[in-house]
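Breakdown of the fold
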Amino acid sequence: MKNEKTTLNIAIDGPAGSGKSTVAKLIAKELSIAYLDTGAMYRALGLKACINGISVFDEQAVTAMLKETCIDIKYDGGVQHLFLDGEDVGLRIRENHISQLASDISKIHAVRLAMVDLQRKIASERDCVLDGRDIGSFVLPNAKHKIFLTASIEERAKRRHKELLSRGETVILDELTKDIATRDQNDMTRDFAPLVKAKDAIEIDTTKMSIGEVVRSILSYIK
Ligand code: DC
């Protein structure tokens, strides 16, 4: 008889600033399982294209770059470290200008197929909470739990603003709000695996909720 161990996968999707990564990290910690930030993979590719002067709209050049790229995820005490061609780029990929590059490069089919393969492989090897845009709808349609987080655009922009400031990056709130709206549009309207709530996901509007409240409500749903 085939001995197939199924892993526990929790999908947390939603637009930028909806609280996904903070919440996903806390849920993973609470359940003592790994956390996979899938956006980090697209960010790493956006960063590499930027360093190499490759347009994220040039499908051929990006596809060629992809063949020469190694993205590796390693875990240290449940914490994810992303290595791009051997270098830990965890901090560099968080810079604000990488966000739009990640969104644009993620539209290229070869990019998405390669990243989705990697995400599925990681999810099949360990229990984990994954956050992204298409985890419940495309990457892991059979995930045990699916959560879709939302929040008003004003609140999401405020959160991102605070996060960037805490990293020492100065950005104008109004510009950030516009950037997020553009990215939402980009992520929701791409033809392949767009940002969408999976039919069987539970939706939580986090606009007026604290992180603790969101985490507690997800944990009570899971348990
Ligand atoms: O979650 P994030 O802001 O780090 O994601 C950056 C971009 O990467 C996002 O705007 C779209 C893309 N992305 C994606 O297409 N699919 C995912 N599962 C995660 C991110």
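What comes next concerns the included structure. Sequence positions are assigned chain by chain, starting from 1 and proceeding in written order. Where local features are concerned, this predicted model is filtered to residues with pLDDT of at least 70; where side-chain atom pairs are given and counted, the filter is 80 or more; whole-chain, interface and lining totals use all residues. Side-chain numbers come from the whole structure's heavy atoms, not from hydrogens or water.

1. Considerations on the pattern of salt bridges
- Salt bridge, as applied in this entry: a Lys or Arg side-chain nitrogen positioned within 4 Å of an Asp or Glu carboxyl oxygen. Applying the stated criterion across every chain yields a total of 15 salt bridges.
- Between Glu 30 and Lys 223 there is a salt bridge, with the nearest N and O atoms lying 4.0 Å from each other. Of the two residues, Glu 30 is situated in helix H1 (residues 20-31) and Lys 223 in the segment after helix H9 (211-222); the sequence distance between them amounts to 193 residues.
- When a residue's accessible area, from a 1.4 Å probe over protein chains only, is under 20% of the maximum for its type it is buried; when over 50% it is exposed; and in between it is partly exposed. The exposure class assigned to Glu 30 is partly exposed, which follows from its relative accessible area of 48%.
- Looking at Lys 223, the relative accessible area reads 68%, which means it is exposed.
- The shortest N-O distance in the salt bridge between Arg 167 and Glu 163 comes to 3.4 Å.
- Judged by its relative accessible area of 41%, Arg 167 is partly exposed. Here a helix means four or more residues in a row that DSSP labels H or I, a strand means two or more in a row labelled E, and each is numbered from the N terminus.

2. Examining the sheet that holds strand S3 (residues 71-76)
- Within the open sheet, the three strands sit side by side as S3-S4-S5. Their pairing is antiparallel. Each having just a single partner strand, S3 and strand S5 (87-88) make up the two edges of the open sheet.
- Along the sheet, helix H2 (residues 39-51) makes contact with S3 and strand S4 (79-84), crossing S4 at roughly 25 degrees. Strand pairing is assigned whenever DSSP detects at least two bridges linking the two strands. Contacts are assigned to residue pairs that have any heavy atoms within 4.5 Å of one another. To obtain each axis, a line is fitted to C-alpha atoms, and for helices this fit is confined to the stretch in contact; angles are then taken between N-to-C directions over 0 to 180 degrees.

3. Comments concerning the side chain of Asp 134
- With respect to the helices and strands, Asp 134 occurs in the loop between strand S6 (128-132) and helix H6 (135-139).
- What makes Asp 134 buried here is its relative accessible area of 2%.
- Side-chain polar atoms of Asp 134 contact the side chain of Arg 112, separated by 2.6 Å.
- When residues no more than four places from it in sequence are discounted, the contact partners of Asp 134 are Asp 13, Arg 112, Val 116, Val 139, Ala 193 and Pro 194. In protein, a polar contact means a hydrogen-donor-capable atom and an acceptor-capable atom, both N or O and within 3.5 Å, with residues adjacent in sequence counting only if both atoms are side-chain atoms; elsewhere, any N or O pair within 3.5 Å suffices.

4. Focus on the sheet that holds strand S1 (residues 9-13)
- If you walk across this open sheet you meet the five strands as S2-S6-S1-S7-S8, and the pairing is parallel. Whereas interior strands pair on both sides, the edge strands pair on one side only; in this sheet they are strand S2 (34-37) and strand S8 (202-205). When the angles between neighbouring strand axes are averaged without regard to direction, this sheet yields 20 degrees.
- As judged from the four bridges shared by S1 and strand S7 (residues 145-150), these two strands associate in the parallel manner. Bridge pairing in S7 places Ile 10 opposite His 145.
- Strands in contact with H1 are S1, S2, S6 and S7; relative to S6, the strand with the most contacts, it is inclined by about 175 degrees.

5. Comments concerning helix H7 (residues 153-166)
- In this analysis, the expected span of each helix is defined as 1.5 Å times one less than the number of residues it contains. For H7, spanning 14 residues, the distance from its first C-alpha to its last is 20 Å, which sits close to the expected 20 Å at 1.5 Å a residue.
- All of the buried residues in H7 are Arg 156, Ala 157, Arg 160, His 161 and Leu 164. Down the axis of H7, the buried set is contained in an arc of 135 degrees. They therefore lie on one face. Pointing more than 90 degrees away from the buried face of H7 are the exposed residues Glu 154, Lys 162 and Ser 166.
- Packed against the buried residues of H7 are H2, helix H4 (96-105) and helix H8 (173-189).
- Positive backbone phi, approximately 90 degrees, marks Gly 168, located one or two places after H7. This arc describes the spread of directions from the helix axis toward the C-beta atoms.

6. A few points about the site of the ligand
- A cutoff of 4 Å decides nearness: a residue is near a molecule or strand if any of its heavy atoms lies inside that distance of it. Close to the ligand lie 15 residues; Arg 43, Arg 112, Asp 134, Arg 183 and Asp 187 are nearest.
- At 2.9 Å from an oxygen atom of the ligand is found a side-chain nitrogen or oxygen belonging to Arg 190.
- Elements with a contribution of two residues or more to the shell around the ligand: H2, H4 and H8.
- In terms of residue count, the dominant contributor to the shell around the ligand is H2 (three residues).
- Residues are grouped as follows: nonpolar covers Ala, Val, Leu, Ile, Met, Phe, Trp, Tyr, Cys and Pro; charged covers Asp, Glu, Lys and Arg; every other residue, Gly included, is treated as polar. The residue inventory of the shell around the ligand, partitioned by class, reads two nonpolar, five polar and eight charged.

Limitation: the analysis is restricted to geometry and does not speak to function.
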